[in-house]
Amino acid sequence: MASASPHASSTKRRLDPVALVIGLTAPDTGLSRRGMSALHRLRMLQLRAVAQSRGAFVKIEPRDRPPVLDFGSIGRDSPLTHDYHSLVLLDLITDFPERGAELRALLQARRAGLDVSNLAEALWRDDGGEAIAAAAKQHKLDLHLLAGTLWVALKPLYEGVAAAFTRHVKPEAGCEDCPVCGGPAWARCGDRLRCAVCETMWHCDTSQRGYRVAEGPQARGVNRLYDAVSGQRLVDIEDALIEHAFDSGPLTELLQLLESPVSSANG
């Protein structure tokens, strides 16, 4: 017998907060309906990876000044880097079977000597792009798929390490970039900024900056801003939404690549 309680129906209608944030912050990605669904599933995969891997990240050695953590060495040394990359690839093979050969080639290359741990460290070097390009050429891989899947796979590691660290150490206030990892800010909530890489939030007074509202429609609770002087762009997010907010840019770029014609994605 169906429950007559009003709470039962309201529970069924309750919005998934991650889906809501995606809908508000990434409505103009150009992704198909399948692509948007894949975006949601990838984010949920990242969040599950963080939740299920607590305490198994890597030993850290904080620096004396920001950025206090070296995510290059963390990605290189963590035993989870390979596991996270496999999870992402297997998930994408299911969602994009027409790209399965290219995605499985990444798994096969790892068995043939592709060292994703060293590539994870290379992502944070100025010359890291050359190292990743050389690895892709050596193993005959799509460069953009290699770099894109690796970055998406590493994000939950970055988020998990940063969250564990900031539970004990308050991030330094006033920094232009993330005081934990050095990543750029992608969002603002009140007097706090949010890192595009590890999603750390830190206090920073932006009241004197020349932010203006970007052209085009704006979602309620989420305003796209830009600094007329520096050109920096931020998403201004209300308190009620910030908990589940994340920078979807790297995930979106990877999914756009997977949805593009196969011929244009190779090379």
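Structural data are supplied above this passage.
These notes cover the structure that comes with them. Bear in mind the structure is a predicted one, so any value in this text is a computation, not a measurement. (Residues numbered from 1 in each chain as written. Predicted model: local features only at pLDDT ≥ 70, side-chain atom pairs only at ≥ 80, totals over all residues. Heavy atoms only, no water.)

We now examine empty space enclosed by the protein. According to the stated counting rule, one finds one cavity of 30 Å³ or more in the structure shown. Of the volumes computed, that of the largest cavity is approximately 50 Å³. Listed by contribution, the elements that provide at least two residues to the lining of the largest cavity are α3 (33-52), α5 (80-95) and α9 (143-166). In terms of residue class, the lining of the largest cavity is made up of eight nonpolar, one polar and no charged. (1 Å grid on protein atoms, 1.4 Å probe; cavity = no way out; pocket = protein on both sides within 12 Å on 5 of 7 lines; lining within 4 Å. Points joined across faces, edges and corners; volume = space filled by probe spheres on them. Helix = DSSP H or I, 4+ residues; strand = E, 2+ residues; numbered from the N terminus. Nonpolar A, V, L, I, M, F, W, Y, C, P; charged D, E, K, R; others polar.)

Moving on, we get to the side chain of Thr-200. The residue Thr-200 is located in the loop between β2 (192-195) and β3 (201-203) in this model. According to the relative accessible area criterion, Thr-200 is buried, its value standing at 6%. Setting aside anything within four residues of it in sequence, one finds Thr-200 in contact with Ala-162, Thr-166, Pro-171, Cys-178, Val-180, Leu-193, Arg-194 and Cys-195. (Buried < 20%, exposed > 50% of the residue type's maximum accessible area, 1.4 Å probe, protein only. Contact = heavy atoms within 4.5 Å.)

Glancing now at the side chain of Glu-199. Tracing the backbone shows Glu-199 in the loop between β2 and β3. A residue is classified by how much of its surface remains accessible, and Glu-199, at 7% relative accessible area, is buried. Within polar-contact distance, the side chain of Glu-199 engages the side chain of Trp-186 at 3.1 Å. Within the local environment of Glu-199, its side chain forms a polar contact with the side chain of Arg-194, the two groups lying 2.9 Å apart. Filtering out sequence-adjacent residues up to four positions away, Glu-199 remains in contact with Lys-155, Glu-159, Trp-186, Arg-194, Ala-245, Phe-246 and Asp-247. (Polar contact = N/O pair within 3.5 Å; in protein donor to acceptor, adjacent residues only side chain to side chain.)

Now for the packing of aromatic side chains. Here a ring pair, both rings aromatic, is described through the centre-centre distance and the interplanar angle of the planes. Using the criterion set out here, one finds five aromatic pairs in the structure. Ring geometry for Trp-124 and Tyr-158: centres 5.6 Å apart, planes at 85 degrees, overall edge-to-face. Residue Trp-124 is found in the loop between α7 (116-122) and α8 (128-138), and its partner Tyr-158 is found in helix α9; the two are separated by 34 residues along the sequence. The buried category is assigned to Tyr-158, whose relative accessible area is 1%. Feature note: the residues Phe-71, Trp-124, Trp-151 and Tyr-158 constitute an aromatic cluster, connected by ring pairs. The side chain of Arg-43 reaches across the aromatic face of Phe-246, ending 4.3 Å from its centre. (Phe/Tyr/Trp six-rings, centres within 6.5 Å; stacked < 30°, edge-to-face > 60°. Lys NZ or Arg CZ within 6 Å of the ring centre and 35° of its normal.)

A few words now on the nonpolar core. Counting residues in each nonpolar core, the largest one holds 62 residues, and the members touching the most others are Phe-71, Leu-92, Cys-198 and Leu-255. When sequence neighbours within four positions are dropped, the list of residues in contact with Leu-255 reads Leu-31, Gly-35, Ala-38, Leu-39, Leu-42, Leu-92 and Phe-96. (Core = buried A, V, L, I, M, F, W, Y, C linked by side-chain atoms within 4.5 Å.)

Following Pro-66, the chain continues into Pro-67 via a peptide bond in cis, with omega recorded as -10 degrees. Mapped onto the elements of the fold, Pro-67 is located in the loop between α3 and α4 (71-77). Not every positive phi belongs to a glycine, and Lys-140 is a case in point at roughly 55 degrees. We note that Glu-199 has phi near 65 degrees; this positive angle belongs to a residue other than glycine.

Here we take up the pairing of β2. Direction of pairing for strand β1 (residues 185-189) relative to β2: antiparallel, over a ladder of four bridges. Paired with Arg-188 across the two strands is Leu-193, which belongs to β2. Between β1 and β2, which pair antiparallel and follow one another directly, the connecting turn spans two residues, one of which, Gly-190, has a positive phi of 65 degrees. As paired elements, β2 and β3 share three bridges and run antiparallel to each other. Residue pairing for β3: Arg-192 is matched across the bridge by His-203. Counting the residues in the hairpin turn of β2 and β3 gives five residues, including Glu-199, whose phi is positive at 65 degrees. (Pairing = 2+ DSSP bridges.)

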